[in-house]
Amino acid sequence: MASIKDVARIAGVTPTTVSRVLNNRGYISENTRKQVYDAMQQLNYQPNRIARSLQSSKSDIIAILVPDSGSMFYSGLISQVEWQCRKRDKRLLLCNSYTDPKLEHEYIRILNGQGIDGLIVCSHTLDIEHYERVPFKLVTFDRVLPNIPMVASDNFAGGQMAAKRLIDKGCTRLLHISGPMTNARLAGHDRYRGFADYCNAHGVSYELFQTEDKFGYNYYASFVADRLQNKLTQFDGAFCSNDMLAYALYRHAVSQGLCVPQDLKIVGFDNSQFVRILADPKITVVAQDETAIAEALVRNLLSSETAAPITTVPVRLVEGTTA
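**Section: helix α9 (residues 217-227)**
Then step 1. Inspection of α9 places Y219, Y220, F223 and V224 among the buried residues, and these make up the whole buried set. Each buried residue of α9 lies within a common arc of 125 degrees when the element is viewed along its axis, so the set occupies one face. The exposed set on the far side of α9, more than 90 degrees from its buried face, consists of N218 and D226.
Then step 2. Looking at the packing, one finds that the buried side of α9 touches β6 (173-178), β7 (205-210) and α10 (243-255).

In structure tokens:
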């Protein structure tokens, strides 16, 4: 069985350097890190994670709590977070709350006894008191919890980008479909605020429709069919708070005999893998940077220094055929 000394010999470094790579301690150049990992692969060397966790009081496990991993955006984000964890020799534990506060609370209770190194909170059904006494570090995504670092896209700028795109394309009667505005903890509400701010500044009217705290194409399709029945012709531009909702609106508009973008222009938000592979239509979207978000979440969670209260990740407009 290969030892750490064998890895060091093949990699051309000292055993201490191999140990620092395995424990992610101190500065290690990318070239040296690659030499060590290549040597480990060549020797099929598997570090004893249990011994390492006992020695360092760390489990090398990070958990992520999401509202629904089936969401196209969250599935992509989870993949990027896992990649960032693996680069740091950490493992990712996935927890799905399905927007159920009881399930979210149960996960917090279970994680309290697992010795995880930290938790990324993307779910949003529990209040701060449920997180105040946890024995691990926390960082949130798009969720405001007092005294807990948050990573968020520049949602306000994204809302403004969407409004600007629609207005620049000649729209004068706008529609915005968002998630529920009742939860003030969600930073994503800034999408609506940015959208409304730009519309008001340019004297353009708009109407807001709010979905329930649910995900998935079937729900969105049902929502737009029920809530916008016989109303869609009142609008010539729409901003949807996610990609799947934008696609559901597109399908409904076409089913009502409207032409997109001639009769109705549509802008989505996220730029999830679903939209990236969708050939017809190519939805115009405000894109979140999944890679940069994941890197900031994992970096802030594992840093020995106090993370900034808010880390804002820029967004950009990706032009398609719908607006």
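**What about the packing of aromatic side chains?**
The geometry of an aromatic ring pair is captured by two quantities: the separation of the ring centres and the angle between the planes.
Then step 1. Within this structure, the stated rule accounts for 13 aromatic pairs.
Then step 2. Between Y74 and F215, the ring centres sit 6.4 Å apart and the planes meet at 80 degrees, which makes this aromatic pair edge-to-face. Of this pair, Y74 sits in helix α5 (residues 72-87) while F215 sits in the loop between β7 and α9, placing them 141 residues apart in sequence.
Then step 3. Y74 sits in the buried class, given a relative accessible area of 10%.
Then step 4. The class for F215 is partly exposed, based on a relative accessible area of 27%.
Then step 5. Taking 5.3 Å as the distance between ring centres and 70 degrees as the angle between the ring planes, the aromatic pair formed by Y247 and F274 counts as edge-to-face. A residue pair is termed long-range when its members are at least 10 positions apart, and Y247 in helix α10 and F274 in helix α11 (residues 273-277) qualify at 27 residues.
Then step 6. Under the relative-accessibility criterion, Y247 is labelled buried at 14%.

**A few points about the pairing of strand β4 (residues 137-141)**
Then step 1. For β4, the buried fraction is high: four of the five residues fall into the buried class.
Then step 2. Summarising the sheet, strand β3 (residues 118-121) and β4 pair through four bridges and their orientation is parallel. When the bridges of β4 are listed, V121 appears paired with T140.
Then step 3. Taken together, the two bridges between β4 and strand β5 (residues 150-153) define a ladder with parallel strand orientation. Looking at the pairing, F141 lines up with V151 of β5.

**As for the side chain of T211**
Then step 1. Residue placement: T211 occurs in the loop between β7 and α9.
Then step 2. The buried category is assigned to T211, whose relative accessible area is 7%.

**Topic: the nonpolar core**
Then step 1. Of all hydrophobic cores here, the largest spans 29 residues; its most connected members are L175, I177, L228, L232, L249 and I266.
Then step 2. Where this core is concerned, the elements lending two or more residues are β6, α9, β8 (237-240), α10 and α11.
Then step 3. The greatest single-element share of this core, amounting to eight residues, is contributed by α10.
Then step 4. Not counting residues up to four positions away in its chain, the partners in contact with I266 are L166, A238, C240, A246, L249, Y250, V260, T284, T322 and A323.
Then step 5. V81, C122, A296 and L301 belong to the second largest nonpolar core, which has 21 residues in total.

**Details of helix α2 (residues 15-23)**
Then step 1. Listing the buried residues of α2 in full gives T17, V18, V21 and L22. The buried residues of α2 all sit within an arc of 140 degrees when viewed along its axis, so they share a single face.
Then step 2. Two residues or fewer past α2, N24 is found with a positive phi of approximately 55 degrees.

**Structural notes on the sheet that holds strand β12 (residues 316-318)**
Then step 1. Ordered in space as β7-β6-β8-β9-β10-β12, the six strands form an open sheet in which the pairing is mixed. Two strands lie at the open edges of the sheet, namely β7 and β12, each paired on one side alone. The mean inter-strand angle of the sheet, taken between neighbouring strand axes irrespective of direction, is 20 degrees.
Then step 2. The pairing of strand β9 (residues 265-270) with strand β10 (residues 284-287) spans four bridges and is parallel. Along β10, the bridge assignment pairs G268 with V285.

**Considering the confidence of the model for the protein**
Then step 1. For the protein, per-residue confidence averages 89 on the pLDDT scale, and residues scoring 70 or more make up 94% of the total.
Then step 2. The secondary-structure element of the protein with the lowest mean pLDDT is helix α4 (residues 49-56), recorded at 49, while β8 shows the highest, at 98.

**Here we look at the sheet that holds β3**
Then step 1. Taken together, the six strands give an open sheet; going across it, the order is β2-β1-β3-β4-β5-β11, and neighbouring strands pair in parallel fashion. For this open sheet the edge positions go to β2 (91-96) and β11 (310-313), each flanked by a neighbour on one side alone. Averaged over all pairs of adjacent strands, the angle between their axes in this sheet comes to 20 degrees, without regard to strand direction.
Then step 2. On top of the sheet, α5 reaches β1 (61-66), β2, β3 and β4; it is set at about 155 degrees to β2, its chief contact.

**Let's talk about the environment of Y45**
Then step 1. By secondary structure assignment, the location of Y45 is in the loop between α3 (30-43) and α4.
Then step 2. We classify Y45 as buried; its relative accessible area is 14%.
Then step 3. Here the alpha-carbon distance between Y45 and V7, two residues 38 residues apart in the chain, equals 7.6 Å.
Then step 4. For Y45, the residues in contact, after removing those within four places along its chain, are A2, S3, I4, V7, L22 and M40.

Rules of the game
- Residues numbered from 1 in each chain as written.
- Predicted model: local features only at pLDDT ≥ 70, side-chain atom pairs only at ≥ 80, totals over all residues.
- Heavy atoms only, no water.
- Buried < 20%, exposed > 50% of the residue type's maximum accessible area, 1.4 Å probe, protein only.
- Helix = DSSP H or I, 4+ residues; strand = E, 2+ residues; numbered from the N terminus.
- Arc of directions from axis to C-beta.
- Contact = heavy atoms within 4.5 Å.
- Phe/Tyr/Trp six-rings, centres within 6.5 Å; stacked < 30°, edge-to-face > 60°.
- Pairing = 2+ DSSP bridges.
- Core = buried A, V, L, I, M, F, W, Y, C linked by side-chain atoms within 4.5 Å.
- Axes fitted to C-alpha atoms, helices over the stretch in contact; angles between N-to-C directions.
- pLDDT = per-residue confidence, 0-100.

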